[in-house]
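Analysis of the macromolecular model
Single-letter residue listing:
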Amino acid sequence: MTISFAGQVAIVTGAGNGLGRSHALELARRGAKVVVNDLGGARDGSGASSAASQEVVRLIEEMGGEAISHGANVANFDEVQDMVTQTMSKWGRVDILINNAGILRDKSFTKMSLEDFKLVMDVHVMGTVNCTKAVWDIMREQNYGRIVMTTSSSGMYGNFGQSNYGAAKMAVLGLMNTLVLEGAKNNIHVNALAPTAGTRMTEDLMPEEIVKAFAPEAVTAGMLTLCDEKAPNRFILCAGAGGYSSASIFETQGCFIPQASQNPETVREHWDELIAQDKQASLASGAKQGEKFVMKAMAFMKSQQH
Ligand SMILES: NC(=O)c1ccc[n+]([C@@H]2O[C@H](COP(=O)([O-])OP(=O)(O)OC[C@H]3O[C@@H](n4cnc5c(N)ncnc54)[C@H](O)[C@@H]3O)[C@@H](O)[C@H]2O)c1
């Protein structure tokens, strides 16, 4: 069935270039009214300009859609609040938030200044927090909301020179995990996208033909399945060059060691059992881990009574 966003309002951060631009154009093509947010700075976050976001608005209007641009720096809550206030006064609701804005300040950890670490955390983590916070109560009141976090393979698996970026990209998954629990009763779904695309963020890392294969549109096709009415919840979708997959954190069933022998040597002796993947599972909340361990301890206590 065709995925449509007719009548819905979407905010896409960092939508002046790259992936955000592609997301905004396709949401609009499928009927959404779009807030094209972009600070318009350079890849490292310096500078600002409204040219790119205004051009995206122009393209949307040209295809008969509705859009407004807003230059909020996502790391600044007051500016984000102003964007959401303007959206509400124009269109009266916010159905979709795509947290996409991002910058890079790559260096090995040895050479990285704390300033570069903090700036990247600020844009990716607090940027996502600020935008989500500003729409959260609106979505709760509407009893409808779809939020997409933009994570990265760098966060999930690591990437040389990206300790700041990787930490930030993993943090947004932590935010997602709890918001999924808190938003469930109000039909707010929160998912994450782990993209690979040829954009200015990656252009110097990939040869030209590869950049073409990794078109942002291929990622957007996957992203749209995370923000419509039928969207999953707490799903991490990886997408690039026409490849699509999902990522999850699994935990092994593990072992149990009675109190009298709880020492590092015994833990090491149980290593094979501790890491055995046959009964591994993805846990629905942090509390499930505690439950698992209590069950193991209780089973042991029961076995001692007989
Ligand atoms: N391109 C990839 O392969 C790749 C891989 C993994 C994750 N990502 C993530 O995807 C997202 C989009 O990346 P892209 O490749 O399209 O990069 P891009 O540089 O082409 O676009 C990012 C946009 O975000 C905007 N932006 C930056 N800081 C901002 C701020 N503080 N407030 C508002 N807007 C701001 C920039 O002006 C730019 O237009 C980012 O979150 C990035 O980390 C990209």
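Residues numbered from 1 in each chain as written. Predicted model: local features only at pLDDT ≥ 70, side-chain atom pairs only at ≥ 80, totals over all residues. Heavy atoms only, no water.

1. A few points about the site of the ligand
As a reminder of what qualifies: Any residue with at least one heavy atom within 4 Å of a molecule or strand is counted as near it. As used in this structure description, the phrase polar contact means that two N or O atoms lie within 3.5 Å; if the pair is within protein, one of them must be able to donate a hydrogen and the other to accept it, and residues adjacent in sequence are counted only when both atoms belong to side chains. The accessible surface values rely on the Shrake-Rupley method and a 1.4 Å probe; as for residues, cover is taken only from the protein chains in view. A run of H or I in DSSP becomes a helix once it reaches four residues, and a run of E becomes a strand once it reaches two; helices and strands are each numbered from the N terminus.
Around the ligand there are 30 residues in total, and Asp38, Asn100, Tyr165, Thr199 and Arg200 lie nearest to it. Between an oxygen atom of the ligand and a side-chain N or O atom of Lys169, the distance comes to 2.9 Å. The fraction of the free accessible surface of the ligand (820 Å²) that becomes covered by protein chains is 98%. Those elements that provide at least two residues to the shell around the ligand are helix 1 (18-29), helix 4 (114-142) and helix 6 (163-183).

2. Observations regarding the pairing of strand 3 (residues 67-70)
Applicable threshold: The pairing criterion for strands is at least two bridges between them, as found by DSSP. By the criterion used throughout, a crossover qualifies as right-handed when its path from the first strand across the helix to the second strand runs clockwise, the strands pointing away from the viewer.
One ladder, built from four bridges, connects strand 2 (residues 33-37) with strand 3; its direction is parallel. Paired with Val34 across the two strands is Ala67, which belongs to strand 3. On the question of chirality, the crossover connecting strand 2 to the parallel strand 3 by way of helix 2 (residues 51-62) is right-handed.

3. Digging into the domain arrangement of the protein
Our working rule: What marks off one domain from the next here is an automatic or database domain assignment.
The domain boundaries assigned to the protein delineate domain 1 (9-247) and domain 2 (259-305). Taking the mean C-alpha position of each, domain 1 and domain 2 sit 38 Å from one another.

4. Looking at a nonpolar patch on the surface
This is how it is decided: Only residues whose relative accessible area exceeds 30% and that form no salt bridge enter a patch; like-charged residues are grouped when within 9 Å of one another, and nonpolar side chains (Val, Leu, Ile, Met, Phe, Trp, Tyr) when within 5 Å. Each salt bridge in this description consists of a side-chain nitrogen of Lys or Arg and a carboxyl oxygen of Asp or Glu lying within 4 Å of one another.
Nonpolar side chains collect at one region of the surface, where Val267, Trp271 and Ile275 lie side by side and expose about 270 Å² of accessible area between them. Mapped onto the elements of the fold, Ile275 is located in helix 10 (residues 271-275).

5. A short note on the side chain of His189
Stated precisely, the cut-off is as follows: Any two residues whose heavy atoms approach within 4.5 Å are treated as being in contact.
As for its placement among the helices and strands, His189 is situated in strand 6 (residues 188-195). Within polar-contact distance, the side chain of His189 engages the side chain of Asn187 at 3.5 Å. At 2.9 Å, the side chain of His189 forms a polar contact with the backbone oxygen of Ala231. In contact with His189, not counting residues within four places along its chain, are Gly145, Arg146, Ile147, Ala231, Pro232 and Asn233.

6. With respect to the state of the cysteines
Heads up, the rule is: Our working definition of a disulfide is a cysteine sulfur pair at a distance within 2.5 Å.
A complete count under the given rule lists zero disulfides for this structure. The thiol of Cys227 is unpaired, and the distance to the nearest cysteine sulfur, on Cys131, comes to 15 Å.

7. Some points on the side chain of Asp228
Applied cut-off: Each residue is placed in one exposure class: buried if its accessible area under a 1.4 Å probe, protein chains only, is under 20% of its type's maximum, exposed if it is over 50%, and partly exposed if it falls in between. His residues and chain termini do not enter the charge count, which takes Lys and Arg as positive and Asp and Glu as negative.
Inspection of the secondary structure puts Asp228 in the loop between helix 8 (216-223) and strand 7 (236-240). As a buried residue without a salt bridge, Asp228 has its nearest oppositely charged side chain in Arg146, at a separation of 5.9 Å. Residues in contact with Asp228, not counting those within four places in the same chain, are Ile3, Phe5, Tyr144 and Arg146.

8. Some details on the sheet that holds strand 1 (residues 9-12)
Quick note on the threshold: Only C-alpha atoms enter the line fits that serve as axes; for helices the fit covers just the stretch in contact. Angles between N-to-C directions range over 0 to 180 degrees.
In space, the eight strands of this open sheet follow the order 3-2-1-4-5-6-7-8, with mixed pairing throughout. Every interior strand has two partners, whereas the edge strands, strand 3 and strand 8 (243-247), have only one. The average undirected angle you get between the axes of adjacent strands in this sheet is 20°. Note that strand 1 and strand 4 (residues 96-99) share three bridges and pair parallel. Within strand 4, the residue paired with Ile11 across the bridge is Leu97. Each of strand 2 and strand 3 is contacted by helix 2, which is oriented at about 180° to strand 3, the strand it contacts most.

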